[in-house]
Amino acid sequence: MANLICSTTNEFYDMNEPLWRSISGGLLDINFNPAFDIKKIQSRKPNLWRYRDAIPIHDDAFILSVDEGFTPLLEIHFDGKSTWIKQEQLFSSGSYKDRGATVLMSKVNELEIKHVVQDSSGNAGCAIAMYAALGNIDCDIFVAEHTSQNKLKQMEMYGAHLHKINGTREDVAQAAFQSAQKNYYASHCWNPFFFQGTKTFAFEVCEQLGWKAPDAVIVPAGNGTLLIGCYIGFNELLTAGIISKIPKLVAVQSENCAPLFEAFHQRKNEENSTKNTETIAEGIAIAKPIRLNQMLEAVKKTNGKVITISEIEILDSLKLCGQIGYYIEPTSAATIAGLRKYLKESDNEKIVSLFSGHGLKSK
Ligand SMILES: Cc1ncc(COP(=O)(O)O)c(C=O)c1O
């Protein structure tokens, strides 16, 4: 039995109600018992739908998929230390956001919703627009005027209607939120089905390491869609008895926009609310992530930490990755800069991180 649950009031709703938030306006989560039959999983195609019995879509007929996922996990050395990097830049739309989008838009398809709205700093918009195209679903995407031209072109190519907002990332989210009063919000932050896709990152890491959890996973943290997805995924594997521990979840933010870092170190108060100063890591420039409490829980409960990085460190990692053969975007390089900081203090740990987005889509 699966249902939607309001994280504020604990009210339950049927999974087939077309809700992206609860009736009282709270964030929704999903209450669901995933199943993992390892033999069955291994007999299926190498894509994220191999974990079909752990993904809460009722009917296969509605799944919108391009065989995404099961991205390679490669051993790469940084500054002489070994790490394992998931090649998430290789997804069809160019970032790991396809994980969340394939599941969320399959649910939209199953609910027979024909029109969605979304807002994005770029990659989530590309991913939602791509799966909307697969399902012949109308898609309005709110973006900031300064969004990378390549990402805007990509969204338009999929057939999305763009609404360019002259303002901050928060103004863009507000405009989409207004539009979502009348339309279904396929938001990667509000909509709980997105996290049912990003959690498959944890399943793949585990399977690729021989059904074992690593010691630490280093992820970017903007709206925390991968951070929270990892927390859900590793917890589900632990509950199912497949792994015996949850890895430390380590979140990386830009020094110029670090609300999770501030909350983690209890630096934030009402007057001192997080600033969103310019950063080249556009995907993690989120001053007010709506699931901040869940992000904090993911880091704290796993004994993780939050690392901040400077613009110079991002540029340095961007260049380094290029020179070792990986062309990634600046937001992606921010995670690698955080990973390299983490590696300096780490000894003998199995560490997993990722290239989150492809370089060809950045400005
Ligand atoms: C390439 C890339 N990496 C990381 C992130 C941060 O993602 P999240 O919002 O899941 O924290 C984004 C978000 O757009 C992104 O585009």
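Everything discussed here concerns the structure shown above.
On a predicted model such as this, the values are computed, not experimentally measured, just so you know.

Calculation criteria
- Residues numbered from 1 in each chain as written.
- Predicted model: local features only at pLDDT ≥ 70, side-chain atom pairs only at ≥ 80, totals over all residues.
- Heavy atoms only, no water.
- Helix = DSSP H or I, 4+ residues; strand = E, 2+ residues; numbered from the N terminus.
- Rg over C-alpha atoms; globule rule 2.2 N^0.38 Å.
- Buried < 20%, exposed > 50% of the residue type's maximum accessible area, 1.4 Å probe, protein only.
- Contact = heavy atoms within 4.5 Å.
- Areas by Shrake-Rupley, 256 points an atom, 1.4 Å probe, with all protein chains shown as cover.
- Lys, Arg positive; Asp, Glu negative; His and termini not counted.
- Charge placed at Lys NZ, Arg CZ, Asp CG, Glu CD.
- Arc of directions from axis to C-beta.
- Core = buried A, V, L, I, M, F, W, Y, C linked by side-chain atoms within 4.5 Å.
- Pairing = 2+ DSSP bridges.
- Axes fitted to C-alpha atoms, helices over the stretch in contact; angles between N-to-C directions.
- Parallel < 35°, antiparallel > 145°, perpendicular 65-115°, else oblique.
- Left-handed = near helix turned anticlockwise from the far one by under 90°.
- Nonpolar A, V, L, I, M, F, W, Y, C, P; charged D, E, K, R; others polar.
- Polar contact = N/O pair within 3.5 Å; in protein donor to acceptor, adjacent residues only side chain to side chain.

1. Considerations on the overall build of the protein chain
Regarding its fold elements, the protein chain presents 12 helices and 13 strands. By the compact-globule yardstick of 21 Å for 363 residues, the protein chain fits well, its C-alpha radius of gyration being 19 Å. Oriented by its inertia axes, the alpha-carbon framework of the protein chain measures out at about 50 × 50 × 40 Å. Each of the 363 residues in the protein chain was classed as buried or not, and the buried ones make up 60%. For the protein chain, restricting intrachain contacts to residue pairs at least 6 apart in sequence, the fraction spanning at least 24 positions comes to 69%. Looking at the protein chain as shown, the accessible area adds up to about 14700 Å², and 49% of this sits on carbon and sulfur atoms. Separation between the mean location of the 37 positive side-chain charges and that of the 41 negative ones in the protein chain comes to 3 Å.

2. Overview of helix H5 (residues 169–179)
When H5 is considered as a whole, its buried residues turn out to be Arg169, Val172, Ala176, Phe177 and Ser179. Buried residues of H5, viewed axially, fall in a sector of 160°; they line one side. In this structure, the buried side of H5 is in contact with strand S6 (115–120), strand S7 (138–144), strand S8 (161–165) and strand S9 (184–185).

3. Quick notes on unusual backbone geometry
Non-glycine residue Asn136 carries a positive phi angle of around 55°. Looking at the secondary structure, you find Asn136 in the loop between helix H3 (123–134) and S7. By relative accessible area, which is 66% here, Asn136 ends up exposed. Backbone geometry places Asn348, a non-glycine residue, at a positive phi of 55°. Secondary-structure assignment places Asn348 in the loop between helix H12 (330–345) and strand S13 (351–354).

4. What to know about the nonpolar core
Met105, Val116, Leu227, Phe234 and Leu260 are the most contacted members of the largest nonpolar core, which has 94 residues in total. Setting aside residues up to four positions removed in sequence, Leu227 forms contacts with Val219, Leu249, Ala251, Leu260, Met295, Ala298 and Val299. With 24 residues, the next largest nonpolar core counts Phe78, Ile218, Cys321 and Ala333 among its residues.

5. Re the environment of Pro220
Secondary-structure assignment places Pro220 in strand S10 (residues 216–220). You can call Pro220 buried: its relative accessible area is 7%. Each residue touching Pro220, except ones within four places of it in the same chain, is listed here: Leu226, Val252, Ile284, Thr335 and Leu354.

6. Digging into the pairing of strand S5 (residues 81–86)
Relative to S5, strand S4 (residues 73–78) is paired through six bridges, and the arrangement is antiparallel. What sits directly across from Leu74, in S5, is Ile85. In sequence, S4 turns back onto S5 through a hairpin of two residues, with Asp79 there showing a positive phi of about 50°. With three bridges connecting them, S5 and S13 associate as parallel partners. Following the sheet pairing, Trp84 is matched in S13 by Val352.

7. Brief notes about the packing of H3 against helix H4 (residues 149–157)
Between H3 and H4, whose axes approach to 8 Å, the crossing angle comes to 15°. Regarding the angle of H3 to H4, the classification is roughly parallel. The crossing of H3 and H4 is left-handed. Between H3 and H4, the contacting residues are Asn123, Gly125, Cys126 and Ala129 on the first element and Lys151, Gln154 and Met155 on the second. When grouped by side-chain class, the residues that make up the contact of H3 with H4 number three nonpolar, three polar and one charged.

8. A short note on the side chain of Gln196
Position of Gln196 among the secondary structure elements: in helix H6 (residues 192–198). A distance of 2.6 Å separates the side chain of Gln196 from the side chain of Lys199, its partner in a polar contact. Ignoring sequence-local partners within four residues, the contact set of Gln196 consists of Ile30, Phe32, Ala54, Ile55, Pro56 and Val103.

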